Amino acid sequence: MVILVGAGPGDPELLTIGALKAINAAEVIVYDALVSQEIVELIPEHTEKILAGKRGGGHSTKQEDISNLLVKFGKENRRVVRLKGGDPFVFGRGGEEACCLANENIPFRIIPGLTSGIAGPAYAGIPVTHRAVNANFAFITGHESPDNTQDHNSEDVHPSRIDWEGVARTFPVIVLYMAMRNVESVRKRMVAAGRSPDTPVALIRWATTPRQQTMVTTLGRVTKDIKAVGMKPPAIMIIGKVVDYRNILQWFQDETLVPPES
Ligand code: SAH
């Protein structure tokens, strides 16, 4: 049995009871680089731990290798936990891993986790919805699969499957995962589509951990300000007026990065 477990965004208090039970019962845990050190420390000492990280830039293991490892352990009838940051089915490639297990007839379960796109803003004092602001919000990845950049004519393989103009028009609040690499192109396209450069934006790094850093800026200045304060991944970016609620609702002690006045 292989259990795909969402570890949540970092704070161990945000693990589900199911996740904690699965972690304690596992013989081997394959975890990714986004699982916080506080949660990795909860893994019992006798349990085999394997870091199979996928992080933009640094150390990483090929997705295929990770899936093969899960299949191998599954076939050995070990109690396997695949521990993933946030929720395994939100931009986490959990769907691919589960499909590999299903194809090999290996029994599996899914334990969802709190996704960083909701819990991160909450720990920054930002509700993703507020009656006064929005009746919907979008979850978007700022970093699409490179496989999606080729064929302009195919329906499912599009240069950018994200219609940014449509997004800018439709969603008052946008939560961007993996935002850092493409922030400038997102910014440009949103402004070109009519979003005011004054729209508030927040970036939250290592959300829900003692290392949480938050920066509040605007759509117009976001790229410049990221550089100025040295904000780095992993960060969630949230765009929209709900960001202003941080002024009233900030409750969690984080490091607030203040961009210079221009
Ligand atoms: N499955 C994860 C998302 C994986 S994609 C989830 O549900 O949260 C990787 C991206 O998630 C990172 O680039 C970053 O944008 C975001 N992320 C994950 N954990 C985070 C955290 N603790 N703080 C800020 N961003 C985080």
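Heads up: the structure comes first, above all this text.
It should be emphasised that the depicted structure is a prediction, and the values quoted were computed from it without experimental measurement.

Thresholds applied
- Residues numbered from 1 in each chain as written.
- Predicted model: local features only at pLDDT ≥ 70, side-chain atom pairs only at ≥ 80, totals over all residues.
- Heavy atoms only, no water.
- Helix = DSSP H or I, 4+ residues; strand = E, 2+ residues; numbered from the N terminus.
- Rg over C-alpha atoms; globule rule 2.2 N^0.38 Å.
- Buried < 20%, exposed > 50% of the residue type's maximum accessible area, 1.4 Å probe, protein only.
- Contact = heavy atoms within 4.5 Å.
- Areas by Shrake-Rupley, 256 points an atom, 1.4 Å probe, with all protein chains shown as cover.
- Near = heavy atom within 4 Å.
- Polar contact = N/O pair within 3.5 Å; in protein donor to acceptor, adjacent residues only side chain to side chain.
- Nonpolar A, V, L, I, M, F, W, Y, C, P; charged D, E, K, R; others polar.
- Domains from an automatic or database assignment.
- Pairing = 2+ DSSP bridges.
- Axes fitted to C-alpha atoms, helices over the stretch in contact; angles between N-to-C directions.

Of regular secondary structure, the protein chain possesses nine helices and eleven strands. A globule of 262 residues ought to have a C-alpha radius of gyration of about 18 Å, and the protein chain, at 19 Å, matches this closely. With respect to the three principal axes, the spread of C-alpha positions in the protein chain is 60 × 50 × 35 Å. Across the 262 residues of the protein chain, 48% fall into the buried class. In the protein chain, the proportion of contacts linking residues at least 24 apart, taken out of those at least 6 apart, comes to 69%. For the protein chain, the exposed surface amounts to about 13,200 Å²; the carbon and sulfur share of it is 53%.

Quick look at the site of the ligand now. Near the ligand lie 17 residues; those nearest to it are Val90, Thr115, Ser116, Ala207 and Ala235. Contact distances for the ligand include 2.8 Å between a nitrogen atom and a backbone N or O atom of Asp87. Between an oxygen atom of the ligand and a side-chain N or O atom of Ser116, the distance comes to 2.7 Å. Taken together, the residues of the shell around the ligand sort by class into twelve nonpolar, four polar and one charged. Two domains each provide a minimum of three residues to the shell around the ligand, namely domain 1 (2–114) and domain 2 (117–257).

Attention shifts here to the sheet that holds strand β5 (residues 108–111). The sheet built from five strands is open, its strands ordered β3-β2-β4-β1-β5 with parallel pairing. Every other strand in the sheet has two partners, leaving β3 (48–51) and β5 as the edge strands with one partner each. Strand-to-strand, the axes of this sheet are offset by a mean angle of 20°, without reference to chain direction. For strand β2 (residues 28–31) and strand β4 (residues 80–84), the ladder comprises four bridges, and the chain directions are parallel. Residue pairing for β4: Val30 is matched across the bridge by Arg82. Sitting on the sheet, helix α3 (residues 63–75) is in contact with β1 (2–6), β2, β3 and β4, with an inclination near 155° to β4. Those strands touched by helix α4 (residues 94–103) are β1, β4 and β5, and its axis lies near 170° from that of β1.

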